[in-house]
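The residues making up each chain are set out below.
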Amino acid sequence: MILRRIIAHFRKQEWTAIGIDFVIVVIGVLVATEVSNWNAARLLREQGAEFSERLVGDLREEAWGYQFYVEYYGDVLANAERALAVLERRASMSDEALLIAAYRATQYKRNVRRRATYDEITSTGAIGLIEDAELRGGAVRIYNAQLLNDLALGEISQYRERFRMIVPMEVHDALADACGDRIPVVGDYSSIVDSLDYECALDISPSLVREAATALRSD
């Protein structure tokens, strides 16, 4: 419509009208560009807010995971120290208690990371949409920390391998059933307390307990 008007003004040589139409066109283009830019910026802000909300949720679970590791490996360490004291003849305990402590000292945990949001925003180059610099920097430090990868090395512990070579499978099964890891509820801090170090009793014959404990004491 505006084009037909301009052509008509040209034919009639109505220069003032042509100028007005040109100004209208320019203003229309500028307004449309501004509206488009504003809308694009709004969408980016909304996307950034969504990423931030998801990232905060993931980091809350990561924080819970860190605390779980602290509690869990504290239990592992406490049992390792008890077993070591007995095996070095600095302390005494029953055969069953020694088996339980020695078994729990072999345990390790590989917690599932919550990093889907972080991986998405870094792989797509969208990390800059996280406006909160502290949140952004904290996420970078946490998800690039080597600590959680190092914890998986417990799986190839020489002590763990030796224990499993010495103790009969039937005793292993009894230890895992009665004294193994309790599964905590993700996000529930109360459920991570003593998830490994709790009272338990083995449901196997005393002779089998004595045999396994003797093998440990003599190695």
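Residues numbered from 1 in each chain as written. Predicted model: local features only at pLDDT ≥ 70, side-chain atom pairs only at ≥ 80, totals over all residues. Heavy atoms only, no water.

Asks: Mind showing me how you'd approach the confidence of the model for the protein chain here?
Replies: Reading fine detail from the predicted coordinates is not recommended where pLDDT is low. For the protein chain, per-residue confidence averages 85 on the pLDDT scale, and 79% of positions sit at 70 or higher. Put simply, helix 1 (residues 2-12) is where the protein chain has its lowest mean pLDDT, 55, and helix 3 (residues 95-104) is where it has its highest, 97. (pLDDT = per-residue confidence, 0-100. Helix = DSSP H or I, 4+ residues; strand = E, 2+ residues; numbered from the N terminus.)

Asks: Explain the packing of helix 3 against helix 7 (residues 158-166) here, please?
Replies: Here helix 3 crosses helix 7 at 140°, and the two axes come no closer than 10 Å. When the axis of helix 3 is compared with that of helix 7, the two are oblique. Contacts between helix 3 and helix 7 involve Leu99, Ala102 and Tyr103 from the former and Tyr159, Phe163 and Arg164 from the latter. Of the residues assigned to the contact of helix 3 with helix 7, the class counts are five nonpolar, no polar and one charged. (Axes fitted to C-alpha atoms, helices over the stretch in contact; angles between N-to-C directions. Parallel < 35°, antiparallel > 145°, perpendicular 65-115°, else oblique. Contact = heavy atoms within 4.5 Å. Nonpolar A, V, L, I, M, F, W, Y, C, P; charged D, E, K, R; others polar.)

Asks: Before we go on, may I ask you to explain the packing of aromatic side chains in this structure?
Replies: Two descriptors summarise a pair of aromatic rings, namely the distance from one centre to the other and the angle between the planes of the rings. If you walk through the whole model with that rule in mind, you get eight aromatic pairs. Here phenylalanine 68 and tyrosine 69 contribute two aromatic rings whose centre-to-centre distance is 6.4 Å and whose plane-to-plane angle is 35°, an arrangement assigned as tilted. Tyrosine 69 carries the same exposure label as phenylalanine 68, and that label is buried. Here the aromatic rings of tyrosine 118 and tyrosine 143 are separated by 4.8 Å at their centres, their planes lie at 20°, and the arrangement is stacked. One end of the pair, tyrosine 118, is in helix 4 (residues 116-123); the other, tyrosine 143, is in helix 5 (residues 133-143), and 25 residues separate them in sequence. (Phe/Tyr/Trp six-rings, centres within 6.5 Å; stacked < 30°, edge-to-face > 60°. Buried < 20%, exposed > 50% of the residue type's maximum accessible area, 1.4 Å probe, protein only.)

Asks: I keep staring at the pattern of salt bridges and nothing clicks. Help me out?
Replies: Opposite charge on two side chains permits them to pair, given that their charged atoms come into close proximity. Considering all chains together, one arrives at eleven salt bridges under this definition. A salt bridge links glutamate 62 to arginine 113; its shortest N-O distance comes to 2.7 Å. Here arginine 113 lies in the loop between helix 3 and helix 4 and glutamate 62 lies in helix 2 (residues 15-87), a separation of 51 residues in the sequence. As a salt-bridge pair, arginine 82 and aspartate 197 come within 2.8 Å of each other at their nearest N and O atoms. Taken together, the positions of arginine 82 in helix 2 and aspartate 197 in the loop between helix 8 (169-179) and helix 9 (206-218) put the pair 115 residues apart, joining distant regions of the chain. On the accessibility criterion, arginine 82 (35% relative accessible area) is partly exposed. Several salt bridges share partner residues, and in doing so they unite Asp58, Glu61 and Arg114 into one network. (Salt bridge = Lys/Arg side-chain N within 4 Å of Asp/Glu carboxyl O.)

Asks: I tried to follow the state of the cysteines on my own but got confused; where do I start?
Replies: Two cysteines joined by a covalent bond between their sulfur atoms form a disulfide. Per the stated rule, a full pass over the model turns up one disulfide. A sulfur-sulfur separation of 2.1 Å characterises the disulfide bridge that pairs cysteine 179 with cysteine 200. Across the S-S bond linking cysteine 179 and cysteine 200, the dihedral sits near 100°, which makes this disulfide right-handed. On the criterion of sequence distance, the pair formed by cysteine 179 in helix 8 and cysteine 200 in the loop between helix 8 and helix 9 is long-range, its members being 21 residues apart. For cysteine 179, a relative accessible area of 0% translates into the label buried. (Disulfide = S-S within 2.5 Å.)

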